Amino acid sequence: MSTATDTAETIIFHDGQLDLLDQTKLPTELTRLVCTNIEQAHDAIRRLVVRGAPAIGIAAAYGVLLQGRDADRQAFGEAMDYLATSRPTAVNLFWAMDRMRDVMNSHDDDATLYERLHREAVAIHDEDRQMCRSIGANGAALIQGCRNVLTHCNAGGLATSMWGTALAPIYHLHEQGKAPHVFADETRPLLQGARLTAWELSQAGVAVTVLTDSMSGGLMRSGQVDAVIVGADRIAANGDAANKIGTYPLAVLAKYHKIPFYVAAPTNTFDLKLPAGDQIPIEQRHRDEVARPGGVQFVPDAADVINPAFDVTPAELIDAIVTEKGVIRSPTTETVGQHFAN
Ligand code: MRU
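Residues numbered from 1 in each chain as written. Predicted model: local features only at pLDDT ≥ 70, side-chain atom pairs only at ≥ 80, totals over all residues.

The biggest cluster of nonpolar side chains holds 106 residues, and the ones touching the most others in it are Leu 20, Ala 59, Val 228, Tyr 262 and Ala 264. With sequence-adjacent residues up to four places away left out, Ala 59 is seen in contact with Ile 11, Leu 18, Leu 20, Ala 41, Ile 45 and Val 50. (Core = buried A, V, L, I, M, F, W, Y, C linked by C-beta atoms within 7 Å. Buried ≥ 20, exposed ≤ 12 C-beta atoms within 10 Å, placed from the backbone. Contact = placed C-beta atoms within 7 Å.)

Right, dumping it as structure tokens:
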């Protein structure tokens, strides 16, 4: 069910329903999509109604509850398995499902299982808000004094519960009246930068300029970019980071132009089981997103199209990874390991 709305809250769970801001409709329509069963929640994640690594995890955690108060353990377990198939790259989805499963497995009382799972989903949501604030404070120290910061895709409030990850330091500085101007890559093919980052920053009163993805090198060369900050969908144990397609070339450009390149992500975006980024599963999406944007044909039917949703930036191109726990400078297996040991 879709409803027009005046609230821009990314995810709300109320009356046993998952109520999502429909990000496929932004910036022209502020519309919510209400999911009442797990199939609708799965479809909403797959279609990017709700997207961004932390938001996917939160939505899926609430999505489990759509099985209803009277569902048994088997039904909740099936919901966790099913929702985990909605998208493959953002590890936050699997992290959230594991957390819900652990709670279910350690809770003996069937009569209160729904309440216990509900409490866990709310905790995941609340912890994400705290994470945004901490990343904001930790990252602000890195970009303080920058006039212009460039970002890619949307790693803001729409991708989380509140301020986001890459945008959190900008919102933190904005509270002090010191936000830098933001360059937002449009982020082909689904335009999360043009549609979402530009929308949420301008709503908040942060100055933002949209550029096409191919313009960033020229901007860097002319000295207009002081730092690059992006989010991540999965970070391997050595600091290699998967993020929206187009992040890797941005990191190469930043290195060439000696511009600091930062990744901001919560610790639940790390997949320490994977030694390096080449093992991160990369989602391949439908050709129409590239060939027929907005339903208008751009590519002849006879031509093949590739549409990987993410690429991997090697750790050696990343100056620092900002988490809610602090800053990992020059990420390597060793420095990432130390961060988690503290
Ligand atoms: O396909 P999307 O829109 O879900 O991709 C989102 C990104 O790549 C974000 O940069 C990432 O999830 C970090 S969100 C805080």
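More follows now that the structure is in view.
Take the sheet that holds strand E13 (residues 310–313) next. Read across the sheet, four strands follow the order E12-E9-E10-E13 without closing on themselves; strand pairing throughout is mixed. In this open sheet, the two strands that pair with only one neighbour each are strand E12 (270–271) and E13. With four bridges joining them, strand E10 (residues 241–244) and E13 adopt antiparallel strand pairing. Looking across to E13, one finds that Lys 244 is bridged to Phe 310. (Pairing = 2+ DSSP bridges. Helix = DSSP H or I, 4+ residues; strand = E, 2+ residues; numbered from the N terminus.)

Take the packing of helix H2 (residues 53–64) against helix H4 (residues 91–106) next. Two elements in contact, H2 and H4, have axes whose closest approach is 7 Å; the angle formed by their N-to-C orientations is 30°. Here H2 and H4 pass one another in a crossing that is right-handed. Residues Ala 53, Pro 54, Ile 56, Gly 57, Ile 58, Ala 60, Ala 61 and Val 64 of H2 touch H4, and the partners they reach there are Asn 92, Leu 93, Trp 95, Ala 96, Met 97 and Met 100. Residue classes in the contact of H2 with H4 are distributed as 12 nonpolar, two polar and no charged. (Axes fitted to C-alpha atoms, helices over the stretch in contact; angles between N-to-C directions. Left-handed = near helix turned anticlockwise from the far one by under 90°. Nonpolar A, V, L, I, M, F, W, Y, C, P; charged D, E, K, R; others polar.)

With that settled, consider the domain arrangement of the chain. Looking at the chain, the domain boundaries give domain 1 (11–130) and domain 2 (136–341). A separation of 24 Å is found between the C-alpha centroids of domain 1 and domain 2. Between domain 1 and domain 2, the contact holds 20 residues from the first and 25 residues from the second. Within the residue set of the side of domain 1 that touches domain 2, elements represented by two or more residues are H2, H4 and helix H5 (113–143). With four residues, the top contributor of residues to the side of domain 1 that touches domain 2 is H2. For the side of domain 1 that touches domain 2, the residue count by class is 11 nonpolar, five polar and four charged. (Domains from an automatic or database assignment.)

It is worth spelling out the site of the ligand at this point. Contacts to the ligand come from 19 residues, most closely from Arg 51, Ala 53, Ala 159, Gly 231 and Lys 244. Elements represented by at least two residues in the shell around the ligand include exactly H2 and E10. Considering only residue class, the shell around the ligand consists of nine nonpolar, seven polar and three charged. A domain split of the shell around the ligand shows at least three residues from each of domain 1 (11–130) and domain 2 (136–341). (Near = placed C-beta within 6 Å.)

A word on the UniProt feature "binding site: substrate" (unreviewed entry) in the chain. Taking the UniProt record as the reference, the feature "binding site: substrate" (unreviewed entry) is found at Arg 51, Gly 52, Ala 53, Arg 87, Gln 192, Asn 243 and Lys 244. Tracing the chain through its elements places Gly 52 in the loop between helix H1 (38–46) and H2. Assessed through the 29 C-beta atoms surrounding it within 10 Å, Gly 52 is described here as buried. Beyond its immediate stretch of four places on either side in the chain, Gly 52 contacts Asn 154, Ala 155, Leu 158, Ala 159 and Thr 160. Its place among the elements puts Arg 87 in the loop between helix H3 (73–83) and H4. (UniProt positions renumbered as here; feature names shortened; annotations may be inferred.)

This part is about the UniProt feature "active site" (unreviewed entry) in the chain. Per the UniProt record, the feature "active site" (unreviewed entry) sits at Asp 233. As for its placement among the helices and strands, Asp 233 is situated in the loop between strand E8 (227–230) and strand E9 (234–236). Given 32 C-beta atoms within a 10 Å radius, Asp 233 is considered buried. Those residues in contact with Asp 233, other than ones at most four positions away along the chain, are Ala 53, Thr 89, Ala 90, Ala 242, Asn 243, Thr 269 and Phe 310.

We now examine H3. Regarding H3, the residues found buried are Phe 76, Ala 79, Met 80 and Leu 83. Taken down its axis, H3 places every buried residue within 100° of arc, on the same side. Opposite its buried face, H3 presents the exposed residues Gln 74 and Asp 81, each directed more than 90 degrees away. (Arc of directions from axis to C-beta.)

Relative to the helices and strands, Glu 78 resides in helix H3. Once the C-alpha coordinates of Glu 78 and Gln 67 are considered, the two residues, 11 residues apart in sequence, prove to be 9.5 Å apart.

How two helices sit against one another is set out by the angle between their axes and by the gap between those axes. Running from N to C, H2 and H5 cross one another at 165°; their axes reach a closest spacing of 8 Å. Between H2 and H5, the crossing angle belongs to the class labelled roughly antiparallel. Read as a crossing pair, H2 and H5 show a hand that is left-handed. Residues Pro 54, Gly 57, Ile 58, Ala 61, Tyr 62 and Val 64 of H2 form the contact with H5, whose participating residues are Leu 117, Glu 120, Ala 121, Ile 124, His 125 and Asp 128. Here the residues of the contact of H2 with H5 are counted per class, giving eight nonpolar, two polar and two charged. (Parallel < 35°, antiparallel > 145°, perpendicular 65-115°, else oblique.)

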